[in-house]
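For reference, the chains in residue letters:
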Amino acid sequence: MIVRMVDISIIICAYNAEKTIRRCIDSLLFQDTDSKFEIVVINDGSEDSTREVLAEYDDEPKVVIINKENTGVSDSRNIAMKQVRGKYLTFVDADDYVAKNYLTTMFLGFSESNNIDMSICGYQKETESGKIIMEGAGKKGEIRGDKALEQVFISYGFEGYLVNKMFKKGLIDNLGLIFDTSLKISEDLYFCCQYLSNCNAVYFDPKPVYHYVMYDNSVLHSNSIGSYFTGKSLNSLQTFSKIKRVIPTENKRAMSAVKARECWLATSIARAIMAAPNRKEVDKSLFGKLKTISKENEKDFMDNVVLPPRDKIIYRIHWAFPRTLGTLWRVLGLKDHS
């Protein structure tokens, strides 16, 4: 039975997470906080022993388990959001874990100002063995909502991840926000943009209390340049098309940031095609469409002062010598930043 009187609800969607779900849940159970919280774990039709592992928490009053057929992460999150009772809502991935002061850090912004609609914490990306790959950067403090919307498109900042953010459940309900089940990539970014478009201000603490674990078999690695091109990455362009519709027209800086990211995304997909072993099997018209998207957004990309000069150089070389750069990328094993 779900706890009725809680401050914070934490949603975890689990699919075939038998190896990581204990660490994830346990890291949340032992939080150094006075806030009352619930952990709602929704098992999305796992085919391994995830269900059996979750049964170990049946007697834990803070943990609620929902087992269901596999319908995908967006639908699972929507189901969970209907069940939670916390005033504030946050998400944690089943592969990840958090520091003991995670909830305290996340809740700080709300406790200091009535103007805050979202609280954001820092994160660090690490390997399965615990090696730190990178830490998100930024300055601690309050940020205007329109400025925060722009900043989610800046690499190595707090970005548009769902997992390092805390939302007001009441605002989500008032806006009628749900996760778009038609999106296959970056559905969390779209949700965050919808929410941030209606925020007065956010509070950011760059302290890396969220541990984002990267595995060799992750989607990120399976779509890396040099792999077979499957076309899955094209779904991200659909997401960005929707994102542009929710950016307020008066927020020109945020719209420019979206277009700059879209330009780089189309360029990266085109390079992935050129580097793919099956590149001759890909419809040639697709490459032309990607080039059109890149060129339409080129000015915003080149004028962006935050993007590294490296990306702009690669952009120029790519469209001048696409096949040559694609081959070099594959042979040298180079990687794009994410």
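Cut-off values and rules
Residues numbered from 1 in each chain as written. Predicted model: local features only at pLDDT ≥ 70, side-chain atom pairs only at ≥ 80, totals over all residues. Heavy atoms only, no water. Helix = DSSP H or I, 4+ residues; strand = E, 2+ residues; numbered from the N terminus. Rg over C-alpha atoms; globule rule 2.2 N^0.38 Å. Buried < 20%, exposed > 50% of the residue type's maximum accessible area, 1.4 Å probe, protein only. Contact = heavy atoms within 4.5 Å. Axes fitted to C-alpha atoms, helices over the stretch in contact; angles between N-to-C directions. Parallel < 35°, antiparallel > 145°, perpendicular 65-115°, else oblique. Nonpolar A, V, L, I, M, F, W, Y, C, P; charged D, E, K, R; others polar. Pairing = 2+ DSSP bridges. Salt bridge = Lys/Arg side-chain N within 4 Å of Asp/Glu carboxyl O. Polar contact = N/O pair within 3.5 Å; in protein donor to acceptor, adjacent residues only side chain to side chain. Phe/Tyr/Trp six-rings, centres within 6.5 Å; stacked < 30°, edge-to-face > 60°. Lys NZ or Arg CZ within 6 Å of the ring centre and 35° of its normal. Core = buried A, V, L, I, M, F, W, Y, C linked by side-chain atoms within 4.5 Å.

Peer 1: Quick question: what am I supposed to make of the overall build of the protein here?
Peer 2: From N to C terminus, the protein includes 14 helices and 10 strands. Relative to the 2.2 N^0.38 estimate, which gives 20 Å for 338 residues, the radius of gyration of the protein is 20 Å and therefore close to what a compact globule would have. Counting every position in the protein, which comprises 338 residues, the buried fraction comes to 53%. Considering only intrachain contacts with a sequence separation of at least 6, the fraction spanning at least 24 residues in the protein is 78%.

Peer 1: What should I look at first to understand the packing of helix 3 (residues 73–83) against helix 7 (residues 187–196) in this one?
Peer 2: For any two helices packed against each other, one specifies the inter-axial angle together with the distance between the axes. At their nearest, the axes of helix 3 and helix 7 sit 11 Å apart, and the two run at 45° to each other. Viewed along their axes, helix 3 and helix 7 adopt a mutual orientation that is oblique. Facing Val 73, Ser 74, Arg 77 and Met 81 of helix 3, the residues of helix 7 in contact are Glu 187, Asp 188 and Phe 191. In terms of residue class, the contact of helix 3 with helix 7 is made up of three nonpolar, one polar and three charged.

Peer 1: Would you mind going over the pairing of strand 6 (residues 116–127) with me for this structure?
Peer 2: Looking down a regular strand, the side chains alternate between one sheet face and the other. Among the 12 residues in strand 6, 11 count as buried, and that is most of the element. Of the strand pairs in this sheet, strand 6 and strand 10 (residues 201–214) are connected by 11 bridges, and their pairing is parallel. Note that in strand 10 the partner of Ile 116 across the bridge is Ala 201. Here strand 6 pairs with strand 9 (residues 165–168) via three bridges, running antiparallel. Residue pairing across strands places Ile 120 opposite Lys 165, the latter belonging to strand 9. Where strand 6 and strand 7 (residues 132–135) come together, three bridges link them in antiparallel fashion. When the bridges of strand 7 are listed, Glu 126 appears paired with Ile 132. Following strand 6, the chain reverses through four residues before pairing antiparallel with strand 7; Gly 130 in that reversal takes a positive phi of roughly 100°.

Peer 1: Would you mind going over the environment of Pro 322 with me for this structure?
Peer 2: By the element assignment, Pro 322 lies in helix 14 (residues 322–332). In the structure, Pro 322 is positioned 229 residues away from Asp 93 in sequence and 37 Å away in space, judged by C-alpha atoms. Leave out the neighbours within four places in its chain, and Pro 322 touches Met 274, Phe 287 and Ile 317.

Peer 1: Is there a simple way to explain the pattern of salt bridges in this structure?
Peer 2: Two side chains of opposite charge can pair, provided their charged atoms sit close to one another. Going through the model one piece at a time under the given rule, you end up with 16 salt bridges. Of the charged contacts in the structure, one is a salt bridge between Glu 187 and Arg 77, with a shortest N-O distance of 3.7 Å. One end of the pair, Glu 187, is in helix 7; the other, Arg 77, is in helix 3, with 110 residues separating them in the sequence. Neither residue differs from the other here; Glu 187 and Arg 77 are each classed as buried. Across the pair Asp 180 and Lys 242 runs a salt bridge whose closest N-O atoms are separated by 2.5 Å. With Asp 180 in the loop between helix 6 (169–175) and helix 7 and Lys 242 in helix 9 (residues 235–246), the pair connects residues that are 62 residues apart, well separated along the chain. The burial state of Asp 180 is the same as that of Lys 242; both residues are buried. The network of salt bridges with common partners includes Arg 77, Asp 93 and Glu 187.

Peer 1: How do you make sense of the side chain of Thr 20 when you look at a structure like this?
Peer 2: Relative to the helices and strands, Thr 20 is located in the loop between strand 1 (8–14) and helix 1 (21–29). Contact partners of Thr 20, with chain neighbours within four places excluded, come to Ala 94, Asp 95 and Tyr 215.

Peer 1: I would appreciate a short explanation of the side chain of His 211 in the present structure.
Peer 2: One can find His 211 in strand 10. Of the polar contacts made by the side chain of His 211, one reaches the side chain of Gln 124; its length is 3.3 Å. Apart from the residues within four sequence positions on either side, His 211 is in contact with Asp 96, Tyr 97, Val 98, Ala 99, Gln 124 and Glu 126.

Peer 1: Before we go on, may I ask you to explain the packing of aromatic side chains in this structure?
Peer 2: Remark: the centre distance and the inter-plane angle together describe each pair of aromatic rings, the angle taken between the planes. Within the structure shown, the criterion is met by 16 aromatic pairs. Relative to Phe 107, the ring of Tyr 88 has its centre 5.2 Å away and its plane inclined at 80°; by these criteria the two rings are edge-to-face. In this pair, Tyr 88 is assigned in strand 4 (residues 88–91) and Phe 107 in helix 4 (residues 102–112), connecting sequence segments 19 residues apart. Tyr 88 gets classed as buried once you look at its relative accessible area, which sits at 9%. Among the aromatic residues, ring-to-ring pairing joins Phe 91, Phe 167, Phe 179, Phe 191 and Tyr 195 into one connected group. A cation over a ring is seen here: Arg 77 above Phe 179, with NZ or CZ 5.4 Å from the ring centre. In this structure, Lys 125 packs its charged tip against the face of Tyr 212, placed 5.4 Å from the ring centre.

Peer 1: Looking at this structure, how should I read the environment of Asp 205?
Peer 2: With respect to the element layout, Asp 205 can be found in strand 10. On the basis of relative accessibility, which here comes to 4%, the residue Asp 205 falls in the buried class. Each C-alpha atom of the pair Asp 205 and Ser 227 lies 37 Å from the other, and the pair is 22 residues apart in sequence. In contact with Asp 205, other than residues within four places in its own chain, are Thr 105, Ile 120, Cys 121, Gly 122 and Lys 140.

Peer 1: Can you walk me through the nonpolar core in this structure?
Peer 2: The nonpolar side chains of soluble globular proteins are, as a tendency, buried together. In this structure, Phe 153 and Phe 167 are the most contacted members of the largest nonpolar core, which totals 65 residues. If sequence neighbours within four positions are ignored, Phe 167 has contacts with Lys 87, Tyr 88, Leu 89, Phe 91, Asp 117, Met 118, Leu 162, Ile 172, Phe 191, Cys 192 and Tyr 195.

By themselves these figures say nothing about function.
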